[in-house]
Amino acid sequence: MKKMYALFILLLVVLSACKEKSTPAPDPDPQPVRNGVYLRMEHLFQGSPLSYGSVAWPTINNNIGVNNLTYYLSGFEFQKQDGSWEKVGAYAMFTAHEKSTDTVYLGTLPNGTYQAVRFFLGVDSVANHADPALWPNDHPLGLMRAAPMHWSWNAGYIFMKLEGRYRTANPLLDGFFSFHIGRDDLITSYQLNGLQVEGGANKQYLKMKFDVAPFFNTPHAHVLSDTSFFTHSAFGDPIANILHGNMGNLISIQP
Amino acid sequence: MACKPDSNNPPAKTYPPPTPYQWVQKPFFPPPVIRSDNALTVEGIELGRHLFYDTQLSGDGTQSCASCHNQALAFTDNGRRFSTGITGAIGTKNSMALFNLTWSSRFFWDGRVATLRQQVLLPIEDPIEMHDNLPNVVNKLKNSALYPDMFGKAFGDEEINAERMAKALEQFILSITSTDSKFDRYRINPVLNPLTASEQRGFDLFMREFSPAGSNRPKGADCFHCHGTHLFTVNNFTNNGLDANPATGFQIVTGNPLDRGKFKTPSLRNVALTAPYMHDGRFSTLEEVIDHYNSGLQASPTIDINLKSTGVGLGLTAQDKADLLAFLHTLSDTVYTNNPAYANPFR
């Protein structure tokens, strides 16, 4: 089969010599060609870049490693100096395990200087309960991109998914964890001040960082064990509530 | 050269442009994923269907794609664990169902092919499948009474080459959808088309997360993490715990040891028709598959994090298993298995 495959590649090369081959997969990353505000997010653990696969990051009582960090930010609004808010309304999905630094296009702002931004870590309840098949395939909420982030017939989207492994006393028995936080009442609001963003016909980069460490300990300590290693945010699940209490401390402005 | 017009030939006959294919958008399904350089056309799909069922594509004229992909069984290979090629050689993988592949972006169990266009020509030359070579097949088609005109209608002129064959086969495969199961009718109108109590319990188990023993939450079989959404696959590659020492799988594509043992998560639509199961056809019934997830998961370094019951089991009762099975049967779609648009045009 391998040989036949090689033969086939050869054939493809021959064929493409005279016919332009196109690349069908749409690149979800925005080309920085449009005017407007771009959000550039860096993903960290206690200030160091996240690395995947290793079980090296210290939390309350365990070392952990991250395999998958995916989340939604939505409902962006920027505050002018007179205190009024301008909506840009974008939905952004970050897949930190695929790209440790990710840039997402948010939209345009009218002329003026903006001093603060507010947004949700999560998806607003209207979009959360709409049929995901109705979005275009390249939309962050559409099924082709959101399939691993959508609870099919349950409560809508997973707002933040963090999965990985944690070291136990016996390294051969490393545990894994899987935290899927969603549900309308577990949305997290952010407001970050001290911006200097200019609206109008230009390109602005807003730099933020997402640090995973506080998820496990700020302010609530969450110790990983056989009984606390996962949540899917079912009603009444105390783990989801504890972790949700920490989710307001993950994102900040980069100086 | 395939792409240069031969000056000795009479001027090429020209054809009107092919007719764009009207995609029927069904509720809860995403829009089709368009392959921009191979838009579906009525004539292109029809040509692809002929090629799919034509035994001229094999070395000795005995085998077509349909020999291992039987429409009545969701285009799987007649219950065989491994497919047999024209020389009697036997493969090592279970044939795959063909439907809803417009929403799929990697093909074969290990994902080693990125487009259907590349995929569809491989069986023709595979010595343990149809065992022919492409120039030979192209010649056979050129000399047939049927194909020059069909290629003309599909592509504007009568040129026949491997790329056009591949594109036509790709169009046919992309046009095959399965959207009319009992479950779909239930989703569209649950009052008119209810599930039975057992099917409904099975659906709930399928969609609910695992609860460890002692938890006060209802029991769940946790299937939706990988087989979720209306497509019944989230289109990922995962290790579903078949072996403590897993086969290569997706690692063959990425070279990454963390991808060892990961295989394409198949859609569970029509799964009651597609036995045997898994990439190597190791399970002959759905009961065996359910037992695997219930109590047979093998831990390994790459087993999926969401198989949280590994080691302790899902704790399904005989009734739970029967309910899950009843639900899986609601995913069979006889409109699709009987659809004349996908059937053998030579009969």
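Bear in mind the structure is a predicted one, so any value in this text is a computation, not a measurement.

The rules behind each value
Residues numbered from 1 in each chain as written. Chains lettered and ligands numbered in written order. Predicted model: local features only at pLDDT ≥ 70, side-chain atom pairs only at ≥ 80, totals over all residues. Heavy atoms only, no water. Core = buried A, V, L, I, M, F, W, Y, C linked by side-chain atoms within 4.5 Å. Buried < 20%, exposed > 50% of the residue type's maximum accessible area, 1.4 Å probe, protein only. Helix = DSSP H or I, 4+ residues; strand = E, 2+ residues; numbered from the N terminus. Contact = heavy atoms within 4.5 Å. Buried area = accessible area lost by both parts, 1.4 Å probe. Nonpolar A, V, L, I, M, F, W, Y, C, P; charged D, E, K, R; others polar. Domains from an automatic or database assignment. Salt bridge = Lys/Arg side-chain N within 4 Å of Asp/Glu carboxyl O. Polar contact = N/O pair within 3.5 Å; in protein donor to acceptor, adjacent residues only side chain to side chain. Phe/Tyr/Trp six-rings, centres within 6.5 Å; stacked < 30°, edge-to-face > 60°. pLDDT = per-residue confidence, 0-100. Pairing = 2+ DSSP bridges. Disulfide = S-S within 2.5 Å. Axes fitted to C-alpha atoms, helices over the stretch in contact; angles between N-to-C directions. Parallel < 35°, antiparallel > 145°, perpendicular 65-115°, else oblique.

Visitor: Hey, could you go over the nonpolar core for me, with residue numbers and the actual values?
Guide: By size, the foremost hydrophobic cluster in this structure holds 97 residues, and its most contacted members are Leu69, Leu73, Phe78, Phe215 and Ile251 of chain A. Ranked by the residues each element gives to this core, the list is headed by strand S4 (residues 63–80) of chain A, at 8 residues. With 40 residues, the next largest nonpolar core counts Ile45, Leu98, Phe172 and Tyr342 of chain B among its residues.

Visitor: An account of the interface of chain B and chain A is requested, with residue identities and associated values reported.
Guide: On the chain A side, the residues contacting the 48 residues of chain B number 38 residues. For the pair chain B and chain A, the two sides together bury roughly 3,800 Å², of which 68% comes from carbon and sulfur. Of all the secondary structure elements, the ones that give two or more residues to the side of chain B that touches chain A are helix H3 (116–125), helix H6 (162–175), helix H7 (182–188), helix H8 (197–207) and helix H9 (224–227) of chain B. Counted by class, the side of chain B that touches chain A contains 28 nonpolar, 8 polar and 12 charged residues.

Visitor: For the domain arrangement of chain B, give the residues involved together with the corresponding values.
Guide: All names here are of chain B. Once the domains are mapped, chain B shows domain 1 (42–178) and domain 2 (182–331). Taking only C-alpha atoms, the centre of domain 1 and the centre of domain 2 are 29 Å apart. The interface is formed by 26 residues belonging to domain 1 together with 22 residues belonging to domain 2. Buried surface at the junction of domain 1 and domain 2, both sides included, amounts to about 1,900 Å², of which 61% is carbon and sulfur. Inspection of the region where domain 1 meets domain 2 yields 0 salt bridges. Put simply, domain 1 and domain 2 have 8 residue pairs in polar contact (both at pLDDT 80 or more) between them.

Visitor: Quick rundown of the packing of aromatic side chains? Include the residues and the values.
Guide: The tally for this structure, following the rule as stated, stands at 35 aromatic pairs over all chains. Look at Tyr38 of chain A and Tyr205 of chain A: their rings are 5.2 Å apart centre to centre, the planes differ by 20°, and that puts the pair in the stacked class. Linking Tyr38 of chain A in strand S1 (residues 36–45) with Tyr205 of chain A in strand S12 (residues 203–211), this pair joins segments that are 167 residues apart in sequence. Residue classification places Tyr38 of chain A among the buried positions, given a relative accessible area of 1%. Residue class for Tyr205 of chain A comes out partly exposed when judged on its relative accessible area of 43%. Measuring from ring centre to ring centre gives 5.3 Å for Phe206 of chain B and Phe327 of chain B, while their planes differ by 55°; the resulting arrangement is tilted. Of this pair, Phe206 of chain B sits in helix H8 while Phe327 of chain B sits in helix H12 (residues 318–329), placing them 121 residues apart in sequence. For Phe327 of chain B, a relative accessible area of 0% corresponds to the buried category.

Visitor: Describe the environment of Pro127 of chain B, and please don't skip the residues or the numbers.
Guide: Within the secondary structure layout, Pro127 of chain B lies in the loop between H3 and helix H4 (134–142). Separated by 75 residues in sequence, Pro127 of chain B and Phe52 of chain B have C-alpha atoms that sit 18 Å apart.

Visitor: Account for unusual backbone geometry, with residues named and values stated.
Guide: Here the amide bond leading from Thr218 of chain A into Pro219 of chain A is cis, since omega sits at 0°, within 30 degrees of zero. Here Pro219 of chain A lies in the loop between helix H4 (214–217) and strand S13 (230–231). Residue Ala275 of chain B is joined to Pro276 of chain B through a cis peptide bond whose omega torsion reads -5°. Within the element layout of this structure, Pro276 of chain B appears in the loop between strand S2 (263–264) and helix H11 (286–296). Positive phi outside glycine occurs at Phe108 of chain B, with the angle close to 80°. Among the secondary structure elements, Phe108 of chain B is positioned in the loop between helix H2 (65–68) and H3. Notably, Met278 of chain B is not glycine yet its phi reads approximately 80°, a positive angle. Topologically, Met278 of chain B is positioned in the loop between S2 and H11.

Visitor: Explain the confidence of the model for chain A to me, and be specific about the residues and the numbers.
Guide: Detailed reading of the predicted model is not advised wherever pLDDT is low. Looking at chain A, the pLDDT average stands at 81 and 83% of residues meet or exceed 70. Confidence drops under a pLDDT of 50 for residues 1–30 of chain A, and excluding neighbours within four residues, the segment shows 36 contacts in the predicted structure.

Visitor: Which residues make up the pairing of S12 of chain A, and what values do they have?
Guide: Taken residue by residue, a regular strand's side chains alternate between the two faces of the sheet. Residue and element names in this part refer to chain A. Relative to S12, S1 runs parallel, the two being bridged by 9 bridges. Within S12, the position partnered with Leu39 by the bridge is Leu206. As defined by bridge partners, S12 adjoins strand S14 (residues 251–253) across 3 bridges and the pair is classed as antiparallel. When the bridges of S14 are listed, Lys209 appears paired with Ser252.

Visitor: Requested: an account of the state of the cysteines, with residues and values cited.
Guide: In protein chemistry, a disulfide is the covalent bond that joins the sulfur atoms of two cysteines. Residue and element names in this part refer to chain B. Enumeration over the complete set of coordinates arrives at 0 disulfides over all chains. Cys65 forms no disulfide, and the closest cysteine sulfur to it belongs to Cys68, at a distance of 8.8 Å. Overall, the relative accessible area of 12% leaves Cys65 in the buried class. Judged by relative accessible area, Cys68 falls into the buried class, the value being 14%.

Visitor: So what's going on with the packing of H8 of chain B against H12 of chain B? Residues and values would help.
Guide: Residue and element names in this part refer to chain B. Here H8 crosses H12 at 95°, and the two axes come no closer than 7 Å. Classed by the angle they form, the pair H8 and H12 counts as roughly perpendicular. Within the contact between the two elements, H8 uses Ser198, Glu199, Arg201, Gly202, Phe203, Leu205 and Phe206 and H12 uses Gln319, Asp320, Ala322, Asp323, Leu324, Ala326, Phe327 and Leu328. Its residues assigned to classes, the contact of H8 with H12 shows 8 nonpolar, 3 polar and 4 charged.

Visitor: Requested: an account of the environment of Ser309 of chain B, with residues and values cited.
Guide: Residues and elements named next belong to chain B. Inspection of the secondary structure puts Ser309 in the loop between H11 and H12. Sequence separation of Ser309 and Leu231 is 78 residues, and the distance between their C-alpha atoms is 24 Å. Contacts of Ser309, omitting those with residues within four sequence positions, involve Phe210, Tyr293, Leu297 and Leu314.

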